[in-house]
Amino acid sequence: MLACMDLSKLYFAVRKLNVTVNYEELIKLLYEKGETLGEDVHIKGFTVSDERNPGQKKFLSRLSELGLDLHVYPYDTTPDFSAEIATIAALSEEDNVVVVSNSSCLIRVFDLLKENGKSPTLCFFSEELEGNWTPTLLRGGMDFVDLSDPSTKRRVTH
């Protein structure tokens, strides 16, 4: 299973929700999803960072230790990684793809992934989903891990 995490989107969502993510638990949640599918899990994280910021360096180092393959771009880069996540998901040999993002740009990507035999899953806080995610999810047919579900939220936030 491939998991792609837009760490910038996640950062802005949790800041708005006034919670802190326990990344170790979130990553465990992704590994558990892969285990239920009987698959190895590969997690890629996408973010921007200021190399001069020691706190960011420490945080990214910790994520690396937890097993994330990080794609880090200079802090003056626009933090929207939807196109990169879409491309990596489409080119991946993995059939199961979990995307941790709220970008509504990915709605059509999910449809295209399904049309090409992949099983995409959205994983995010439901109250922070952008655009048309809510009607898309309500129509069904899409796997969704709601980080806002009370038990999940207790697990993955402080």
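Structure first, text after, so check above.
Cut-offs and rules
Residues numbered from 1 in each chain as written. Predicted model: local features only at pLDDT ≥ 70, side-chain atom pairs only at ≥ 80, totals over all residues. Heavy atoms only, no water. Helix = DSSP H or I, 4+ residues; strand = E, 2+ residues; numbered from the N terminus. Rg over C-alpha atoms; globule rule 2.2 N^0.38 Å. Buried < 20%, exposed > 50% of the residue type's maximum accessible area, 1.4 Å probe, protein only. Areas by Shrake-Rupley, 256 points an atom, 1.4 Å probe, with all protein chains shown as cover. Lys, Arg positive; Asp, Glu negative; His and termini not counted. Charge placed at Lys NZ, Arg CZ, Asp CG, Glu CD. Core = buried A, V, L, I, M, F, W, Y, C linked by side-chain atoms within 4.5 Å. Contact = heavy atoms within 4.5 Å. Pairing = 2+ DSSP bridges. Right-handed = clockwise from strand over helix to strand, strands pointing away. Axes fitted to C-alpha atoms, helices over the stretch in contact; angles between N-to-C directions. Salt bridge = Lys/Arg side-chain N within 4 Å of Asp/Glu carboxyl O. Parallel < 35°, antiparallel > 145°, perpendicular 65-115°, else oblique. Nonpolar A, V, L, I, M, F, W, Y, C, P; charged D, E, K, R; others polar.

### Describing the overall build of the protein
Counting secondary structure elements, the protein contains seven helices and six strands. Each helix (α) and strand (β) of the protein, taken in turn from the N terminus, gives the series β-α-α-β-α-β-α-β-α-β-α-β-α. Taken against the 2.2 N^0.38 rule, which gives 15 Å for 158 residues, the C-alpha radius of gyration of the protein at 15 Å falls within 12% of a compact globule. In the protein, buried positions account for 46% of the 158 residues. When the accessible surface of the protein is totalled, it reaches about 8300 Å², and 49% of it is carbon and sulfur. Between the mean site of the 17 positive side-chain charges and the mean site of the 25 negative ones, the protein shows a separation of 5 Å.

### Side note on the environment of Val-97
By the element assignment, Val-97 lies in strand 4 (residues 96-100). For Val-97 and Gly-34, which are 63 residues apart along the polypeptide, the C-alpha to C-alpha distance reads 9.6 Å.

### Topic: the nonpolar core
Inside soluble globular proteins, nonpolar side chains tend to come together where they are buried. Met-5 and Leu-10 are the most contacted members of the largest nonpolar core, which has 49 residues in total. In contact with Leu-10, not counting residues within four places along its chain, are Met-5, Val-21, Tyr-23, Leu-26, Val-100, Phe-124 and Phe-125.

### Describing the pairing of strand 4
Where burial is concerned, most of strand 4 is hidden: five out of the five residues are buried. Residues of strand 4 alternate between two faces, with Asn-96, Val-98 and Val-100 on one and Val-97 and Val-99 on the opposite face, all of them buried. Pairing geometry for strand 1 (residues 2-6) and strand 4, over four bridges, is parallel. Bridge pairing in strand 4 places Cys-4 opposite Val-99. What joins strand 4 to strand 5 (residues 119-124) is helix 5 (residues 106-115), and the crossover it makes is right-handed.

### Description of the sheet that holds strand 2 (residues 42-49)
Taken in spatial order, the six strands line up as 3-2-1-4-5-6 in an open sheet, and their pairing is parallel. Here the strands that pair on one side only, and so sit at the sheet edges, are strand 3 (68-74) and strand 6 (143-146). Strand after strand, the sheet turns through a mean of 20° between neighbouring axes, direction not considered. Of the strand pairs in this sheet, strand 1 and strand 2 are connected by five bridges, and their pairing is parallel. Within strand 2, the residue paired with Ala-3 across the bridge is Ile-43. Along the sheet face, helix 2 (residues 23-36) touches strand 1, strand 2, strand 3, strand 4, strand 5 and strand 6 and points at about 150° away from the line of strand 1.

### Side note on the pattern of salt bridges
Enumeration according to the criterion identifies twelve salt bridges in this entry. Between Arg-155 and Glu-25 there is a salt bridge; the shortest N-O distance is 2.9 Å. In this pair, Arg-155 sits in helix 7 (residues 150-156) while Glu-25 sits in helix 2, placing the two residues 130 residues apart along the sequence. Of the charged contacts in the structure, one is a salt bridge between Arg-52 and Asp-50, with a shortest N-O distance of 3.1 Å. Relative accessible area serves as the criterion here: at 18%, Asp-50 is assigned to the buried category. Ionic contacts of the salt-bridge type, sharing partners, join the residues Glu-25, Lys-28, Glu-32 and Arg-155 into one network.

### A look at the packing of helix 4 (residues 82-91) against helix 5
Contact geometry for helix 4 and helix 5: axes closest at 10 Å, N-to-C directions at 5°. Between helix 4 and helix 5, the angle falls in the class roughly parallel. Between helix 4 and helix 5, the residues in contact are Ser-82, Ala-86, Ala-89 and Ala-90 and Leu-106, Val-109 and Leu-113, respectively. Partitioning the contact of helix 4 with helix 5 into residue classes produces six nonpolar, one polar and no charged.

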